[in-house]
Every structure is written in structure tokens, then in C-alpha cells.
Amino acid sequence: MEAKDLYIKPGNQERGWNDPPQFSYGLQTAAQGAPKRTPLNKRVPPPQLTGSPCPVPGDFPSLTAPMTPPTNPLAPPCSMNTPPRPCPVAAPPLAGVMMMATPPPPFPVVEHTDSASSQSENEPDVDDVVTLLNWALTACRHTVKKQVCNDVAKRLKLFEDMWKSGKLSLPVRRRMNGLVQELKSCNWDAADEIHRALIVDHVNEVGQWMVGVKRLIAETRNLNPDLLHTQEVDQSLDTSSTGNSD
Amino acid sequence: MATYQEFIQQNEDRDGVRFSWNLWPSSRLEATRLVVPVSCLFTPLKERPDLPPVQYEPVLCSRANCKAVLNPLCQVDYRAKIWACNFCFQRNPVSTPQWTILSCMTKHYSTIEYRGRGPPNPLIFLYVVDTCLEEEDLQALKESLQMSLSLLPPNALVGLITFGRMVQVHELSCEGIAKSYVFRGTKELSSKQIQEMLGLTNPAASGPQSRPAAPQDPAVTCRFLQPVHKVDMNLTDLLGELQRDPWPVPQGKRPLRSTGIALSIAVGLLEGTFPNTGARVMMFMGGPPTQGPGMVVGDELKTPIRSWHDITKDNARHLKKATKYYDALANRAAVNGHSIDIYACALDQTGLLEMKCLSNLTGGHIAMGDSFNTSLFKQTFQRVFSKDHNGEFRMAFGGTLEVKASRELKVSGAIGPCVSLNAKGPCISENEVGVGGTTQWKICSLSPSTTLALYFEVVNQHNAPIPQGGRGAVQFVTQYQHSNTQRRIRVTTVARNWADAQSQIQHIESSFDQEASAVIMARLGVFRAESEEGPDVLRWLDRQLIRLCQKFGQFNKDDPTSFKLSESLSLYPQFMFHLRRSPFLQVFNNSPDECSYYRHHFVRQDLTQSLIMIQPILYSYSFHGPPEPVLLDSGSILPDRILLMDTFFQLVIYHGETIAQWRKAGYQEQPEYENFKHLLVAPVDDAQEILQTRFPMPRYIDTEHGGSQARFLLSKVNPSQTHNNLYSWGQETGAPILTDDVSLQVFMDHLKKLAVSSAT
């Protein structure tokens, strides 16, 4: 799973009040087994019962004068080194003072920007991807029912058409390329995982045809391995000139 | 205190058990004087990555009315090859060839998982889909359902029923034209009639002699419930082609939704084809049932759906009848081991009050959202299929829990997402609490966080000597179907020392688990609230709290200022204070559906999450130090702080006045104020860690001083400063709250007065 596939999108504030943000499939699965960084489960007892002094969350002088947070929390705030900025509200403390806030998160949380038209050197080639898919499908035709193969073919065609008419975003194209590479290497679980991630993250783009890819993976993995190796594989694909896999 | 806290935590980590008392009073009389009963929270399938299942069946005591499982508390004589049951003292000879391995393992593990009996039946997912939705919602729901086909366990069986004015059961044939059976949404049918109409009975037999075909007969069942790996493509297309209910909805009317019949057909279909196999009915609805049995409101928009006011004035026409209808369906499903989920997305109420038993009795989920096109629904739904660290689904099916106890204890009952199996035995107390009169319960659907509260009664007579061995024991045996379709048996056996309450009351007091007790008593309160008047429940709760304070408080008679509680009880009154104000016991401000939703989640979550619901967590972020927990009090709301509040159902990030002004001025964008940017991000990151895993997905509120959404924070904090006492309080910090609610200080003052009074 690439870093680009770990992202968070805002929720749908138009349809649901206070709709929470949406996490990509990659982020959600990564979080499943991981222990919590800082479990927030502590409480403070009220002062009346234990007789201890009331834990007031801190008394501080008025905030009309700009202040820097003290390096020693017990010390009174010291004045700033630089003159105050001319603004109606006192400025927050400057950086350069030792930070005691929570460290940045371990996950590469990046706001996802969808640019279907952006051309990078990693732009996968549709024909390469389709050829690999068809290679797998052809291998299936020996043993898998004709109707099923035709249904898969129909969906692969839809996928190809959508790609060629620019209806698929770059992450989908990129990840489909990754998927077929895994398929070629017979890494069935990895290919399956990519298909799942794609349908969760981009259901509106892939929903109509992804089930065909899902079935293709499922049928191909059950094939006799000899059947796969006897298939003619285009020599040019072996050099994986089309760019990124994992 | 540190030792007991560690002991309590270790036990929870290892066995998923938290007792209210970790030293048990040795007589019935003393136990009742302790106010909080001897009881526990038990999480049957607590996630234990270190516990690989044993590939043998458990070794059982041979006494017919015991059958306890061999456990670390049993005496074992390896030479004579005999073990003595610690519950009934029966001496059992060795009976299996795997004796040595098994007994060694059992000696060391208080919790251990065995192989169960029974064939590995496939799991079944039956979608029941409301088509009376707005176009945008229907599209979003269709996409979520298509996506879910990729998330289902690969060999699962899947089925589809759609409903609106009519109910359609779709045949999922592998090829050819899609067919469906249509039912009228108003006509109630018996289970047998449904099975006949769907052709599930033997076609050769006629008349009253027809019997349902064997469930394993693929020719009969393949039509409506088929393996997902075979029908995924066709079903994807079928879902993609679903249209809105075609019956036009006139102005001023609601769509006609035959939810009751749809569910009845779903339950009947599963009953007739796959009884006693793990199955999930997943119902998706965008509005209330308006037609047929189980209707909750009529189709005239000018008649609103019942509110609390209507209910108290006995003005809810359909309430009793609808509740009874769904109750009957729920019980039928539970008997067959099938669970029912409800995913309700609408801006108005949908009838959760009437339908909640469908999920509460079967362990199914309830998700409540505004629209199917929201992240809240989509991600909550995705998380139903979440997997653990081993890549296995967390959901489990067909669970039964049996509890055995030493003869000094009897079982009063359980409160949680279960039904009684009416298993009679010597361990049953006459005093029923929750689902009582049994030592066995059925939990049709479980997750690693599903937690039951179990209540016991000490039956030893007063002044009887402490039982030999000095310890009482409880054994929990959970049988269930794992998501990989295998049956398993998990056995947990725990023990606690008996103590003479008259001479050892201080030890007993220090063994008090105030967190577990708060949740245990809260569940009792919520259970009562279902059948009693709200004020009566509050009075009961208050009385228990006063009695507990009278028993364990240190004070001089009639001198409230002298009152103190030891550390093991210091948080308990605060928990009760917040519980009284919570949506579980206060219906004001929440609709009947919302209350049902909150209570549904409250009586099934584990201890940590339940406590969050009772008393939300509040953390403060500032320049003055690392994030710290602060009092859930208006005094914690300060201008130069960011607060993160977790109520379980909502995550609120509140920016104090100064922080909000800085944010508005854009300081976080400037490089020299990078530390401010870090400060703003810190609570967001911590919130995200919670958002990533919590089920159901909570709402996420980013607000600030003066913001309208700040009310979520203001309504939860203790209003120590209100418009009534602002100037008499003396403190100048904190934000005053406009309310007439009594504050924690006032509550505590009253409590102390009542506890020390010789008159009470």
C-alpha cells in the first residue's frame, strides 16, 4: 500500500450534520491491529471527596499583553523578544520555544487531491493493463464456464472504455496497474486486497466493473499453474516499463 | 490501591472479566449491605492474539447436572489419572487420549479456546433494502451494497429482498433472466405460508402434509441464498439496476413502506432454509414503516411520528402493536440463531423505538444516520466487516453463554444483547435481575467488544463459616461459530477470595472496582428505565448511591463537611451524577428513537467505552504542557485551550476564545508560528485515532467559543458556573452555562448531607 493511498477526506456536510471524515481503506486496515498511540481514558476526581486541592486547569494572567509560553511551566510567562505584531488580537506564542504538544502522527496523512488529468512519469499504460487482464481471462476460458468468462469480458471492456474516455482518476489507473502486476506474479492475495481497496475508496468509479476483476482474480487463482505459464505473455510486459508497482 | 488496580487490569486483559467486588462477602446479608451486588462485566470474545485455539474438545465433569470444564482450579492427580471438579467436587477419571496435553494447557490458562462440535455451515447475509429513498440516497446505498460484496467472507451465502409498497424476494440465479417473488405489503403471512409461496417446501407433497425440504438441499436453496463467489457479478448488476419504489407518493404523504412484511419474509425465509446457522439480516431503511403490520406512523405527513410527549400522554396509536409485532419477529430470529441489523438513515425518526428488540435480542447492530450518502453510514457499514490482526473477521455467530458458579453463589441474570435459553439448574437465583431464571443465554451475533453484565447472589447464611478453600469460582463457557465457519468453545474460569464482611470490611472496600460497578449499576438503571417511569429510576439510583456512601463514607454523624470517601470509591459519585444527566436516563432533548439508539449501544459495549458514554472524556491542549485530562466541568473551558471531548457518539473539538481568534487570524499559516499549527493539529490527530476504529462511527464536531455546535460540549460539562451563581462563585475562570441543572457541587453537597444524616 503506497503512502498516497493512505488519506482522509472530509465528510459530507451537506447530507449529514457533523459528518465525520472518511478514511481510505488503507488507513482503516492499518489501524485495525495497531495499538493506540495515546489512549485517552484518564479522568480527574472532583476535589470535594479526597480533600486534595482543587486541580484548577491553571490560572494565568490576563491575555491583553502578548506572551511566550515559559520553558519551565512553573515560571511566569516572559515577554517576547520581538516586538508585538500590530493586530487587534494578541499573537500566539512564537515557534522556537520547546514544543510540548503531541508529536506528529506516524501515518502519512495527506489531503487527497484528485487530478485525473495530471501526467506524471508514473502514468500507466491502458493497453498494458488490459493485455494482462486478458491474458488471465484467456487462461480461464479453458476451465471456467463460458457465461462467466463472457460476463468478466464485458466488464473488462467497460473498464477499458472508461479509462480511454478519461473517466477514471489517476489513483484508480495507478492502482489497477499495480493490481495486474500482482496478478502476473501470482500474488493473489495482494491483487485481491488492491481490488478491495479500490472498491471501498472509489466505488462510484469502479462499482460497475470491479466485480469482474474480482471474479477474474478468484478464478485465475484456482487454475492449474501450468495453464498460466503456457499462455503467451507479451515480451514487452516483462520489463515493466509502465512504471510503479509497490 | 495500586495493587488492586493492577490486579483488576490484569484480570480484564487476561479473562475479559471485571467484578464489582474482588473480595466477596461470605454471607447473603452482608452482600446486600454492600449495596452494589456481586456482579461482573464479561466480554466473551475479548480479543486475545496470544490464544491459539486448541484442536480438541474440552474435558467435562461427568456429573450430569454439572458438566463444568476442567480448569486451573481443579485438583489433578496425574498418577491416579483423576481430576476433581472444583464446582461439584466430583472425582472424574481420565476420559480422553489427549489428557496429558489438555490438562497441562488447562492448568495454565484461565481462558482457553477449544474446538467445538458441529458442521462448518456457511455464513449467510440477507440484505433487506428499502427502495423508498431519494435518488441520491438510493444511489449511495446501492454503491455501498455493491462494495460490500467484496467485503463479505468469500464462501458466504447472500440474498436480497427489496421493499416499498410491495416486497420483492429476488432469485439469484447464476444465469438467465432475473426473477423475483412479489408479496403484498399489507398481508400478514405465517412462516409456513411464506415458505410455500417461495417454493421452499417439497413440491411433490400437497396439502397439510408438506414439510420443508432439507436445508442442505442445494436445488431448493440456491435460488434465494447463493454463494457470493458465484453470484457476485449478477447481484452487482441487479443492485445497480434497482429503482426507486415506482408507486407515486402524493403531496403531503409519506411513501408506503412495508417494513414489517419485508422483515417477516426475511425471518421466515431463513427459518425455513437455514435454522441454527449463523445468519445476518441486514435491513436498510430510509424512513418509518407506514403500511402493514409493524407500521409506526400513517402515511399522512401532517401526523408526525410519536414523540415522548405523545407516549406519556398515551397518544401513540401504533406503538404497542408495532412493538409487539417486532418483538415476536425478534424472538423467532433469536431462537434460530439469526441476527438482525438495522441501518436507519433519515432526517426524521424511523421507528427504532418499536424495532429495537430486533437488534437488542439478537445481537445485531443499529446504525443511525441522516443519509446513506454520508461518511458516517458508509464507514460504519464498512466496519461491520472489519478484520482482526490475523486477517479474520471480527464478527461471530450463534453464540451461547453458560455460567457455572460455586455453590455459595447463584446466578440472578444478565443484561446485554441476549435472550434466555431457559436452562434450569441448581445455580439459579429466585431474585431475577435482567434476563433471569436461567444460567444459559443465546447471543446470536457477537463481536470482540460484546459485553454482558452478569449478576450473582451470595446464598451463604449469615455467620456460616467461610467455605473451605476460601475462594468462590465462576466459569463462563461460550460456544460460537467463528467467521471462518468453525465452531469453537471458549472457557474462562475465575475465582475470588471470600471475606468476612464484619472483620474485613476495609479489605472488601479496597477491592471495589468503581468503574465496573458504575457500568453495572447503570445497566440496571437502563434496564429499569425500559419499564419504569423515569423519575422512579432516578430515585432508585439516588437511593443506592446514598446507601453506598452511608456504608463506606468516613464521616461524623450529621456533619456533612467531615464526609470523605476512600480512593477506591472517589470517582463513583461523579459517575452517578453524569449518569443521571445522560441520554440513557434523561429523555428530555432526545427523541424516542435517539434514546433507543443510545441505550442499544450502552448495554453491549465493553467497560472502557461504556464509561465514556456515562462520563465523557475531556482532554485539554495548550501551550502550557502536554495534553492532560481535565474535569468535565465548565471551569475547564478556558480561552487559551483547545478541548477534545469524547462522548462515544460524538467527538468534539472546542477552541477557546483566544485560540479561535488566532485561528481566524490565520497564524497557523505563518512559519514563525508553527507551534500554533502543531497545537491545532494535536487534538485532531488524537481524535482521528479514535475515529479510525470506533464502531459505530461517531459524529465529528469542530467548534469554538460562541459557535452553535459548542452546545454539545456545554450540555455535557458539569455546570459549576451558571447564570444563577456566576457572581457568588468567586472564581473568574471558566465559561458560565445557561442552565438550571444542578451542578456536581450541589449534588455532592446534598449527597453528603443525606449520607451523614442520622435520619436517613
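Just so you know, these numbers come straight off a predicted model, no measurement behind them.

*Asks:* I would appreciate a short explanation of the packing of helix 16 (residues 572–581) of chain B against helix 23 (residues 744–756) of chain B in the present structure.
*Replies:* Packed helix pairs are characterised by how far apart their axes lie and by the angle those axes make with each other. Residue and element names in this part refer to chain B. Interhelical geometry of helix 16 versus helix 23 gives an angle of 120° and a closest axis separation of 11 Å. Crossing handedness for the pair helix 16 and helix 23: right-handed. Across the interface between the two elements, Pro573, Gln574, Phe577 and Arg580 of helix 16 pack against Leu744, Phe747, Met748 and Leu751 of helix 23. In the contact of helix 16 with helix 23, the residues fall into six nonpolar, one polar and one charged.

*Asks:* Can you help me understand the state of the cysteines in this one?
*Replies:* Every disulfide links exactly two cysteines, by a covalent bond between their sulfur atoms. A complete count under the given rule lists zero disulfides over all chains for this structure. Summary of cysteine pairing: Cys61 of chain B is not part of a disulfide, and the nearest cysteine sulfur, belonging to Cys88 of chain B, is at 3.5 Å.

*Asks:* Quick question: what am I supposed to make of the sheet that holds strand 4 (residues 75–77) of chain B here?
*Replies:* Residue and element names in this part refer to chain B. Reading across the sheet, the three strands line up as 4-5-6 and stay open at both edges, with antiparallel pairing between neighbours. One side of each edge strand has no neighbouring strand; the edge strands of this open sheet are strand 4 and strand 6 (91–93). The sheet shows a mean angle of 20° between the axes of neighbouring strands, taken without regard to direction. As paired elements, strand 4 and strand 5 (residues 82–84) share three bridges and run antiparallel to each other. Among the inter-strand pairings, Gln75 is bridged to a residue of strand 5, identified as Ala84.

*Asks:* I tried to follow the nonpolar core on my own but got confused; where do I start?
*Replies:* Generally speaking, soluble globular proteins have nonpolar side chains that are buried together. Judged by nonpolar contacts, the single largest core of 165 residues is most densely connected at Leu454, Phe456 and Phe476 of chain B. Apart from residues no more than four positions distant in its own chain, Phe476 of chain B is found in contact with Val17, Cys40, Phe42, Leu401, Glu402, Val403, Leu454, Arg490, Val491, Thr492 and Val494 of chain B. Grouped together as the second largest cluster of nonpolar side chains are 79 residues, Val172 and Val213 of chain A together with Leu133 and Phe397 of chain B included.

*Asks:* For this particular structure, what's the right way to read the pattern of salt bridges?
*Replies:* Side chains that differ in charge, positive against negative, can pair when their charged atoms come close. Residues and elements named next belong to chain B. Evaluation of the coordinates by the stated rule reveals 49 salt bridges over all chains. For Arg18, the salt bridge goes to Glu515, with nearest N and O atoms at 3.1 Å. With Arg18 in strand 1 (residues 17–19) and Glu515 in helix 14 (residues 514–529), this residue pair connects regions lying 497 residues apart in the sequence. With a shortest N-O distance of 2.8 Å, Arg699 and Asp370 are connected by a salt bridge. One end of the pair, Arg699, is in strand 29 (residues 699–704); the other, Asp370, is in the loop between strand 15 (366–369) and helix 12 (375–384), and 329 residues separate them in sequence. Taking relative accessible area as the criterion, Arg699 reaches 11% and is therefore assigned buried.

*Asks:* Help me out: how do you make sense of the interface of chain A and chain B in this one?
*Replies:* One frequently used descriptor of interface size is the decrease in accessible area upon assembly of the parts. Facing the 74 residues of chain A at the interface are 93 residues of chain B. Both faces considered, chain A and chain B share a buried interface measuring about 7,600 Å² in area, 58% of it formed by carbon and sulfur atoms. In this assembly, chain A and chain B are joined by six salt bridges. Mapped onto the side of chain A that touches chain B, the elements with two or more residues apiece are strand 2 (22–23), helix 1 (25–33), helix 2 (47–50), helix 4 (146–164), helix 6 (188–201), helix 7 (203–206) and helix 8 (210–221) of chain A. At six residues, the largest contribution of residues to the side of chain A that touches chain B is made by helix 1 of chain A. Residue composition of the side of chain A that touches chain B, by class: 41 nonpolar, 19 polar and 14 charged.

*Asks:* Looking at this model, I keep getting lost on the pairing of strand 16 (residues 396–405) of chain B. Mind explaining?
*Replies:* Consecutive residues of a regular strand have side chains that alternate between opposite faces of the sheet. Residue and element names in this part refer to chain B. Of all the 10 residues making up strand 16, eight are buried; the element is thus mostly covered by neighbouring parts of the structure. Of the strand pairs in this sheet, strand 16 and strand 19 (residues 440–446) are connected by six bridges, and their pairing is antiparallel. Paired with Thr400 across the two strands is Lys442, which belongs to strand 19. For strand 16 and strand 21 (residues 471–481), the ladder comprises seven bridges, and the chain directions are antiparallel. Note on strand 21: the bridge partner recorded for Leu401 is Thr478.

*Asks:* Looking at this structure, how should I read the UniProt feature "domain: Gelsolin-like" (unreviewed entry) in chain B?
*Replies:* Under the UniProt annotation, the feature "domain: Gelsolin-like" (unreviewed entry) is placed at residues 627–713 of chain B. For residues 627–713 of chain B, the end-to-end C-alpha separation is 18 Å, with 34% helix and 23% strand making up the annotated structure.

*Asks:* How should I be thinking about the packing of aromatic side chains in this particular structure?
*Replies:* How two aromatic rings sit relative to each other is given by the distance of their centres and the angle of their planes. Applying the stated criterion across every chain, the model contains 34 aromatic pairs over all chains. Measuring from ring centre to ring centre gives 5.6 Å for Trp24 of chain B and Trp498 of chain B, while their planes differ by 65°; the resulting arrangement is edge-to-face. In this pair, Trp24 of chain B sits in strand 2 (residues 23–25) while Trp498 of chain B sits in strand 22 (residues 487–499), placing the two residues 474 residues apart along the sequence. Here Trp24 of chain B and Trp498 of chain B have matching classes, each one buried. Geometrically, the ring pair formed by Phe648 of chain B and Phe649 of chain B is edge-to-face, given 5.1 Å between the ring centres and 85° between the ring planes. On the accessibility criterion, Phe648 of chain B (1% relative accessible area) is buried. Residue Phe649 of chain B is classed as buried on the basis of its relative accessible area, which comes to 10%. Joined through ring pairs, the aromatic side chains of Phe125, Tyr127, Phe284, Tyr343, Phe372, Phe377, Phe381, Phe385 and Phe397 of chain B make up one cluster. Just above the ring of Trp247 of chain B sits the side chain of Arg165 of chain B; from NZ or CZ to the centre is 4.4 Å. It is Arg699 of chain B that lies over the ring of Trp17 of chain A; its NZ or CZ is 4.0 Å from the centre.

*Asks:* Sorry if this is basic, but what is going on with the sheet that holds strand 20 (residues 452–458) of chain B here?
*Replies:* Adjacent strands of a sheet form backbone hydrogen bonds with each other and so pair up, either parallel or antiparallel. Residues and elements named next belong to chain B. Reading across from one edge, 1-3-20-17 is the order of the four strands in this open sheet, with antiparallel pairing throughout. Single-partner strands in this sheet number two, and they are strand 1 and strand 17 (409–415). Looking at each pair of strands side by side, their axes are set apart by 25° on average, direction ignored. Note: strand 1 against strand 3 (residues 39–42), three bridges, orientation antiparallel. Its bridge partner being in strand 3, Val17 is matched across the sheet by Phe42.

*Asks:* Just checking my understanding: could you explain the confidence of the model for chain B for this structure?
*Replies:* Detail in the predicted coordinates should be disregarded across regions flagged by low pLDDT. Residues and elements named next belong to chain B. When the pLDDT values of chain B are averaged, the result is 90; 93% of them are 70 or greater. Segment residues 204–216 is flagged for pLDDT under 50; beyond a separation of four residues in sequence, or across chains, it makes 19 contacts in the model. A low-confidence stretch, residues 727–732 (pLDDT under 50), is modelled with four contacts involving residues beyond four sequence positions or located in other chains. Confidence metrics for the complex model read pTM 0.89 and ipTM 0.87.

*Asks:* What is the right way to look at the packing of helix 14 of chain B against helix 18 (residues 607–614) of chain B in this model?
*Replies:* Residues and elements named next belong to chain B. With their axes 10 Å apart at the nearest point, helix 14 and helix 18 run at an angle of 70° to one another. When the axis of helix 14 is compared with that of helix 18, the two are roughly perpendicular. When the axes of helix 14 and helix 18 are compared, the crossing they make is left-handed. In this structure, helix 14 uses Glu515, Ala516, Ala518, Val519 and Ala522 to contact helix 18, whose residues at the interface are Leu607, Ser610, Leu611 and Ile614. Its residues assigned to classes, the contact of helix 14 with helix 18 comprises seven nonpolar, one polar and one charged.

What counts as what
Residues numbered from 1 in each chain as written. Chains lettered and ligands numbered in written order. Predicted model: local features only at pLDDT ≥ 70, side-chain atom pairs only at ≥ 80, totals over all residues. Heavy atoms only, no water. Axes fitted to C-alpha atoms, helices over the stretch in contact; angles between N-to-C directions. Helix = DSSP H or I, 4+ residues; strand = E, 2+ residues; numbered from the N terminus. Left-handed = near helix turned anticlockwise from the far one by under 90°. Contact = heavy atoms within 4.5 Å. Nonpolar A, V, L, I, M, F, W, Y, C, P; charged D, E, K, R; others polar. Disulfide = S-S within 2.5 Å. Pairing = 2+ DSSP bridges. Core = buried A, V, L, I, M, F, W, Y, C linked by side-chain atoms within 4.5 Å. Buried < 20%, exposed > 50% of the residue type's maximum accessible area, 1.4 Å probe, protein only. Salt bridge = Lys/Arg side-chain N within 4 Å of Asp/Glu carboxyl O. Buried area = accessible area lost by both parts, 1.4 Å probe. UniProt positions renumbered as here; feature names shortened; annotations may be inferred. Phe/Tyr/Trp six-rings, centres within 6.5 Å; stacked < 30°, edge-to-face > 60°. Lys NZ or Arg CZ within 6 Å of the ring centre and 35° of its normal. pLDDT = per-residue confidence, 0-100. Parallel < 35°, antiparallel > 145°, perpendicular 65-115°, else oblique.

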